[in-house]
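Here's the letter readout for the chains.
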Amino acid sequence: MATIDTSDTRSDVTPRRWLDAQRRHDGGAGRRALLAGASNGLFILLQMALIAWLVQSAVVQYAEPATLIWPALALIPVLLGRSLTQAWQETAGQQASQRVRSTVREQLLRRWAELGPVRLAGSSPAGLASQMVEQVEALDGYYARFLPQMWICVLVPLAILLLVFSLDWLAALFLLLAAPLIPLFMALVGMGAEKLNQQHFQLVQRLAGHFTDRIRGMTTLHLFGQTRSATGQVAAAADQYRRLNLRTLRVAFLSSAVLEFFASVAIAVLAIYIGFGLLGYIDWGPATELTLFTGLLILLLAPEFFQPLRTLAQHYHDRAAALGAAEQLMRLLASASEAPVERKATAAAEGNAPAVDLRGVTFGHKGRNPVCTDLNLTIERGELLALAGPSGSGKSTLLQLMAGFLQPDAGQVTIFGQPAGEQPMAWMDQRPCLIQGTWAENLRLTAPGASIEQMQDALRKTGLESLLNTQPDGLDTPLGEGGRGLSGGQARRLALARVFLAPAQLVLLDEPTTGLDAVSEAHIIQGLQQLIAEGRTLVVATHHPQLLEASSRTVRLELPRPVSEEPGHETE
Amino acid sequence: MKQSDFDTLTPWLRLLLQQRRRLWVGILLMAMTVGSAVGLLTVSGWFITATALTGLLLAAGIAATLDIYVPGAGIRAFALSRTVSRYLERLYNHDTVLRLLADLRTTAFDRLTTLSGAHLTRLRAAEWLNRLTSDIDTLDNLYLRLFAPPLVSALGVALVAGLIALFLPLTGLVIGLWLAVLLVALTWGLARRSRRASAELSERLEQLRVHTVEHLQGLSELTAFGTLNHHQLELQLRTQALEQRQSEVVRHIAHANALGTFGIQSAVVMTLLATLLAFQSELISGPVAVMLPLAVMALGEAFALLPKAFGHWGGTVAAARRLNDESAPERLVSGTRSAPQKPHLHLDRVEVRYPAHRHWPALTDFTLDLPYGVRVGLVGPSGIGKSTVAHLVSGLLHPTGGRVTASEQPLATIDRSAWLARVGYMTQQTDLFNESVASNLLLARPEASDDELWQVLYKVGLDSLVRELPGQLETPVGEGGRQFSGGEARRLTLARLLLKDPDIVILDEPFSGLDTLTADGIRAVLEDWLPGRTLLAIGHDSSALPKVEHLVTMPVAGPLPDSR
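Procedures and definitions
- Residues numbered from 1 in each chain as written.
- Chains lettered and ligands numbered in written order.
- Predicted model: local features only at pLDDT ≥ 70, side-chain atom pairs only at ≥ 80, totals over all residues.
- Heavy atoms only, no water.
- Pairing = 2+ DSSP bridges.
- Helix = DSSP H or I, 4+ residues; strand = E, 2+ residues; numbered from the N terminus.
- Axes fitted to C-alpha atoms, helices over the stretch in contact; angles between N-to-C directions.
- Contact = heavy atoms within 4.5 Å.
- pLDDT = per-residue confidence, 0-100.
- Patch = residues over 30% accessible without salt bridge, like charges linked within 9 Å, V, L, I, M, F, W, Y side chains within 5 Å.
- Areas by Shrake-Rupley, 256 points an atom, 1.4 Å probe, with all protein chains shown as cover.
- Salt bridge = Lys/Arg side-chain N within 4 Å of Asp/Glu carboxyl O.
- Lys, Arg positive; Asp, Glu negative; His and termini not counted.
- Charge placed at Lys NZ, Arg CZ, Asp CG, Glu CD.
- Buried < 20%, exposed > 50% of the residue type's maximum accessible area, 1.4 Å probe, protein only.
- Buried area = accessible area lost by both parts, 1.4 Å probe.
- Phe/Tyr/Trp six-rings, centres within 6.5 Å; stacked < 30°, edge-to-face > 60°.
- Lys NZ or Arg CZ within 6 Å of the ring centre and 35° of its normal.

## What about the sheet that holds strand β9 (residues 506-510) of chain A?
All names here are of chain A. Across the sheet, which stays open at both edges, the five strands sit in the order β6-β9-β10-β3-β11 with parallel pairing between neighbours. Of all strands in the sheet, those with a lone pairing partner are β6 (426-428) and β11 (553-556), marking the two edges. Strand-to-strand, the axes of this sheet are offset by a mean angle of 15 degrees, without reference to chain direction. Sheet analysis places strand β3 (residues 384-388) next to β11, joined by four bridges and oriented parallel. Of the residues in β11, the one forming a bridge with Leu385 is Arg553. Relative to the sheet, helix α12 (residues 395-403) contacts β3, β6, β9 and β10 (537-541), its axis offset from that of β9 by approximately 155 degrees. On the sheet, helix α17 (residues 518-533) packs against β3, β6, β9 and β10 and is oriented at approximately 150 degrees with respect to β10.

## What about the confidence of the model for chain B?
Scored by pLDDT, chain B comes out at a mean of 81, with 88% of its residues at no less than 70. Here residues 557-564 of chain B is modelled with pLDDT under 50, and outside its nearest four sequence neighbours on either side it reaches 23 contacts, counting other chains as well.

## Some words on a negative patch on the surface
A surface patch of like charges, here negative, comprises Glu441, Asp473 and Asp476 of chain A together with Glu234 of chain B. With respect to the helices and strands, Asp473 of chain A occurs in the loop between α15 (465-469) and β8 (478-479). Overall, Asp473 of chain A belongs to the exposed group, its relative accessible area being 53%.

## Some remarks on the interface of chain A and chain B
Taken together, the contact pairs 146 residues of chain A with 133 residues of chain B. For the pair chain A and chain B, the two sides together bury roughly 12,400 Å², of which 70% comes from carbon and sulfur. Broken down residue by residue, the surface that chain A buries against chain B is led by Leu223, Phe224 and Phe253 of chain A, which jointly contribute 6%. Scanning the region where chain A abuts chain B turns up five salt bridges. The salt bridge partner of Glu134 of chain A is Arg209 of chain B, with a shortest N-O separation of 2.6 Å.

## Some thoughts on the pattern of salt bridges
Counted under the stated rule, the structure contains 32 salt bridges over all chains. A salt bridge links Glu511 of chain A to Lys395 of chain A; the shortest N-O distance between them is 3.9 Å. Placement of Glu511 of chain A in the loop between β9 and α17 and of Lys395 of chain A in helix α12 is noted, with a sequence separation of 116 residues between them. Judged by its relative accessible area of 11%, Glu511 of chain A is buried. Judged by its relative accessible area of 5%, Lys395 of chain A falls in the buried class. Of the charged contacts, one joins Glu248 of chain B and Arg245 of chain B as a salt bridge, the two residues approaching to 2.8 Å between their closest N and O atoms. Of the two residues, Glu248 of chain B and Arg245 of chain B are both situated in helix α9 (residues 228-280); the distance of three residues between them amounts to about one turn of the helix. Look at Glu248 of chain B and you get partly exposed, because its relative accessible area is 22%.

## Quick look at the packing of aromatic side chains
One pass over the full model with this rule turns up 10 aromatic pairs over all chains. Ring plane angle 70 degrees and centroid distance 5.6 Å describe the contact between Phe276 of chain A and Tyr281 of chain A, whose orientation is recorded as edge-to-face. Assessed through its relative accessible area of 47%, Tyr281 of chain A is described here as partly exposed. When the ring of Phe305 of chain A is compared with that of Phe306 of chain A, the centres are 5.1 Å apart and the planes differ by 85 degrees; the resulting orientation is edge-to-face. Per residue, the accessibility class of Phe305 of chain A equals that of Phe306 of chain A, and both read buried. These aromatic residues form a ring-pair network of at least three members: Tyr142, Tyr143 and Phe146 of chain A. The side chain of Arg533 of chain B reaches across the aromatic face of Trp529 of chain B, ending 4.1 Å from its centre.

## Section: the pairing of strand β8 (residues 534-539) of chain B
Residues and elements named next belong to chain B. Among the six residues of β8, six are classified as buried, and the element is accordingly described as predominantly covered. Residues of β8 alternate between two faces, with Thr534, Leu536 and Ile538 on one and Leu535, Ala537 and Gly539 on the opposite face, all of them buried. In this sheet, β8 lies alongside strand β3 (residues 375-379) in parallel orientation, the contact comprising five bridges. Paired with Val376 across the two strands is Leu536, which belongs to β8. Relative to β8, strand β7 (residues 504-508) runs parallel, the two sharing five bridges.

Set out below in structure tokens:
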């Protein structure tokens, strides 16, 4: 299991370092990919040597066809080895990438849980979800292809260089002269790709923005009869994008053309040098000792010397994409982490401790007046406590403190004698989360073990039974996403059914009746009374007169600084 | 199955073929690159062998000559042409792809404009947009990945097999067939094998997104109820299912790559053995015996492009299929009758069911009468179908049951654009385009003068704000009107409405995001402007509406049978 690396909290962490730090999650697969790639290089060396040797014996030495059989047969395992190591490198690379991605996804989930619903409320779920989907996927190419290739790019050319050196040092010198140029190539290619990437991304985004802007506003375009001219604008924007983009590409492709050029020229120079050497036109250095075998082998290896680099250049955009994603991901993942909050689903209430106990609690949102200062509040078991006060007076914050979503700046919040957040409780707010799925799946979201009978019972208690009976497949009928098709009140009642299904003794409710139609409102109030009858403890933030009336106590919060506790309606 | 794949791609291939000349030039350049690679290696191999043999003769004291200038020049020429043709090919083909992208976007957009409002408003907008753009991007690679490379490879095979056949006809034929089979395996075979897994990829990514969003939206409940770990595990299971598909696709591609390498290299070895035997039987010269296998070897470069492209065939087809689908569902057919003067609108027991939620009528048995010039307010909790009523009145949507009539004529029979020209509809969502303030206003009346623009801005109380902007009327509003606050953006859309001067005015939550003072100011402006027009105003309660004569409270009959 991965932990959030606290060493990453240093400010000097660059996206590059963060990416490298994640490598240890690949379970050695990255190293296997490298090993496979290096052996692939060796098989290529062997294959070329055997081919050159076959040519030498057949063409120069006029060897009997029978003597050629063994080297020809030896080529079969060599070719198999070459193909299999190639496939192995790809699959191992994919495995490395997959392990890293799945660890990063785990880290994201853990981090979200740590931050909790309140602190995450500032970011849009869609934006966070794109981190989980696109940004993590953007890491793929870096671990699967780029990283192994970066090492292969050093090892394989080096092996080829050594072999060529042993055959003909002068030919090796040609390659060696090209070798110092390799870092230069890489920089060139890199700069080109980076530039391409940055500009390209901006342009793509601008164009995509223009395009999605038009689609999003399609209704408006219809209403004003402007769809025809908008189509023209889309075409014009795409064309402008093309012209701007080509200007960048002209430069970006030049860098890889330079690489291509050197590779081609090296082959040409070697071929001519070898040819002249074999003709005996060069009578100094190692050229006099050239044979068809050595000459042909050098010629065959020359393209392979440059091939790893060309492959790397193709994967360069993988690196840029990963760096871009890393910058976003590390911002969330690398910030200081606290111990993860885990709730034991079966934690039992302890002794006779009060349901909720706030001792000297002080809390303030950053840069604003404190919501509460040195607040003491005890809620006994079985109470219905109402929190009242104008909006912005901190009713919700108080509930969030009790739920353990927020930690107080000072003081202590205990629930049934245990720190808040350690045991499960029932929670319901104004916008209950309804998921895309069936009725049953929605209810089991917070009560995974609920039986059909229990769910039906809970729906009966919230007055949704008759609606359920109209569903073609009962509990297995899909619910429209985001409660579409359910009215706001019905959605709220479904959330109340969740409360009935949960065994938790403490129920926290944030404005459960606001903005509801009369029918739903009545059902909710009736349901809350039933919860009290079951002996549960309820804390409700509300304005509703009927709920205030039914409460055993009301705590009134004020703007901007609370806190005065007044004994409320003692209805019992 | 295959047939239907091609049927799916047909409209997009047809779009490709509109650029026929560019496509062939692009393919020619690609073929030149491959040809140069073949030429470079082939001539070099020939040259080395020829020099070696001549060198041996010379060393043995036998007089021999070899023209070194022609092959030498050939080698240099091929080295240069490989680089140049590759550079030109990349540039030219990217230009083509960008042109295609422009065509694709325009075509897709054009199709979208014919979709009914119901379809556009009810689809989950963000998810759908993401998908639409990424699907279009997938298709713009159709040419560079799926169309050109197999053709170029086939050309290369023909070239090399033909070259061999010049010297050894039978070997040429065998090698040609062998490579042709390999080509089919790497394209058609691979596409078939990986089709399903690859088609599922984008689907599963999308599912992961939906479930992640749900996880985040439900974080309060999941945390409080203590079921967060449980749900995290579920999410991880979904991730694993995605990863399984991904590695399946990668495995198919890796196997295909291995097969490609083995196929090409074994063809090299077979050619080599055949030429060496032919050399020993004195059918061909030594240099030719070396040259021919090297020609086969140089083909590897062309074949290497195939597996990655065809491993994602399923995904490409799936993208095309989704894009085809977007245009399939119920188009809004426009009527032909002219719009009546001073229309008396009537909604008679209408029902609306959206295609995605057939079980959940958004509106049932709803009746509303709007004589010309009347002002009606429609209030009720959210999700009750108020905006659906607005859509019906505007003509963006036709009911699935009941009738909407304008002065006794069914709205569906009236020319749509003529009707829309009469309607001023301020939707619940504030739609501003990322362009200048002026062009956002001019949508309503393209011929309006600057004076008129300033006048409407004055009416909604935005003139002083716009005057302070750096470019005044020409200042961009930012994406979705981001440069403006929610209330300011809302007022800008209202100004646009005032400029249009419609007969029928529909205001959906007109004052959302406005403070009371501004809202009161706008109420006064509307009070002057509204007489002589029909008004349908929508809000959660009457305090959110301008002054109306009648107030209709929904649910009149709720969208669903209720328990009471």
